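Observations on the three-dimensional arrangement
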Amino acid sequence: MTIDGLNKLKKGSYLVLLPDADYDIKDSVEYTFDNVIYLNFELSEDDANKIVDFVNNKGSKLIIFDWFEGYRLILPYISKKREIKFVYKNNLAQLTNSGVRGTYTRIMEFYDRNIIKEIACLDKATSEVLKKAGYRASHLLLDVKTKSRKKTLEKSIGLIGDDYNPNHNTYNQLSALKLIDYDYCKIVPNMPATKHFIDFFEIKAKEVSNTEEALIDNEINLYCNFTFNNMELILKSLDLGIPCLLGNIDIFDDYPNLKKYLVLDSDDDIGEISNKINCIRENRDAILKEYDKYRKEYIKIFNELKGKFLK
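Let's talk about the pattern of salt bridges
With the rule as written, the count across this model stands at 19 salt bridges. The residue Lys155 makes a salt bridge to Asp181 at a minimum N-O spacing of 2.9 Å. Taken together, the positions of Lys155 in the loop between strand E6 (137–139) and strand E7 (156–159) and Asp181 in the loop between helix H5 (170–176) and strand E8 (184–187) put the pair 26 residues apart, joining distant regions of the chain. Put simply, Glu69, Arg72, Arg106, Glu109 and Arg113 are held in one network by salt bridges that share partners.

A few points about the nonpolar core
Counting residues in each nonpolar core, the largest one holds 47 residues, and the members touching the most others are Leu174, Leu177 and Leu222. Element by element, the count of residues in this core is highest for helix H11 (residues 284–310), at seven residues. Those residues in contact with Leu174 that lie beyond four places of it in its chain are Leu159, Cys185, Ile187, Thr194, Phe197, Ile198 and Ile203. Ile3, Val55, Val100 and Cys121 belong to the second-largest nonpolar core, a separate cluster that totals 36 residues.

A short note on unusual backbone geometry
Its identity as a non-glycine residue notwithstanding, Asn114 has a phi of 60 degrees, on the positive side. Relative to the helices and strands, Asn114 resides in the loop between helix H3 (98–112) and strand E5 (118–121).

Topic: the pairing of strand E10 (residues 220–223)
Of the two faces of E10, the one carrying Ile220 and Leu222 and the one carrying Asn221 and Tyr223 are both buried. In the sheet, E7 pairs with E10 via three bridges, with the strands oriented parallel. Residue pairing in the sheet places Ile157 in a bridge with Ile220 of E10. Here three bridges tie E10 to strand E11 (residues 244–246), and the two strands are oriented parallel to one another. Paired with Leu222 across the bridge in E11 is Leu245.

Describing the packing of aromatic side chains
This model, assessed by the stated rule, comprises 17 aromatic pairs. Between Tyr23 and Tyr38 the ring centres are 5.9 Å apart and the planes differ by 90 degrees, which places this aromatic pair in the edge-to-face class. In this pair, Tyr23 sits in the loop between strand E1 (15–19) and helix H1 (26–32) while Tyr38 sits in strand E2 (residues 36–39), placing the two residues 15 residues apart along the sequence. Judged by relative accessible area, which is 27%, Tyr23 ranks as partly exposed. Taken together, the aromatic side chains of Phe252, Tyr255, Tyr291, Tyr294 and Tyr298 make up a single cluster linked through ring pairs. We note Lys26 situated over the ring of Tyr23; from NZ or CZ to the ring centre the distance is 5.3 Å.

Conventions used here
- Residues numbered from 1 in each chain as written.
- Predicted model: local features only at pLDDT ≥ 70, side-chain atom pairs only at ≥ 80, totals over all residues.
- Heavy atoms only, no water.
- Salt bridge = Lys/Arg side-chain N within 4 Å of Asp/Glu carboxyl O.
- Helix = DSSP H or I, 4+ residues; strand = E, 2+ residues; numbered from the N terminus.
- Core = buried A, V, L, I, M, F, W, Y, C linked by side-chain atoms within 4.5 Å.
- Buried < 20%, exposed > 50% of the residue type's maximum accessible area, 1.4 Å probe, protein only.
- Contact = heavy atoms within 4.5 Å.
- Pairing = 2+ DSSP bridges.
- Phe/Tyr/Trp six-rings, centres within 6.5 Å; stacked < 30°, edge-to-face > 60°.
- Lys NZ or Arg CZ within 6 Å of the ring centre and 35° of its normal.

Here it is in structure tokens:
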């Protein structure tokens, strides 16, 4: 939705602001919330005033994601009668990244000024840490629209992380392919070093233009991150019936088969990655059967947390 669409919203509607830094979760934000405005580059003072005017005189609450410099033209001018809630997509491990740390610091500035009333964390552990530290924090899940499953006949493997992000473990995943049988891997190569790596080690790779193309129509997807996980991609992959191998993550701790087959003990162990790929091939049906149970519970918790957040 554009800012001009504010005129079409009903009285009492909440408003969501999503800056371009969070477009990697755009689909799940769109599915989870109504009235999402996308912010690109600079925000004019006139557009900022339109947002302030809507929230103060017609809206119920303002929900913001990430950090956007234009927020300084909005947040201080929202009436105290209206709630401002912030959704924090990153986990605590990512605070080692200066950009993520900058976002966190700026948001805490407005929290300390009692302008932001609640911080909703997409990572459960982060919400628990903040709550124990005395912050008004909560846990929130985002969801995506499910798609019908389609089994591919090719042994293609998708790498759905970002090769420019060292937390996404690209080169260990590519190396593991040398130890297995596969037709080709799909990857979005952003760095010249990645292309050189693929050519030097003669890895059978197909370049695609975006993560969505890398994710679909594969036998298996690899997302073996050290950290910096995007739940949207994990759900999209498994909803399509494509098992997704993950780094050492806790989301499947209550589901033994998913934990056994889809979660690595050691993220950078090339041998374990290749062995897990072969195990996934042999146990695909059991994996997807247990994922169906996980998905039902996920949707239930998602609806509960969303209801509390919007209340």
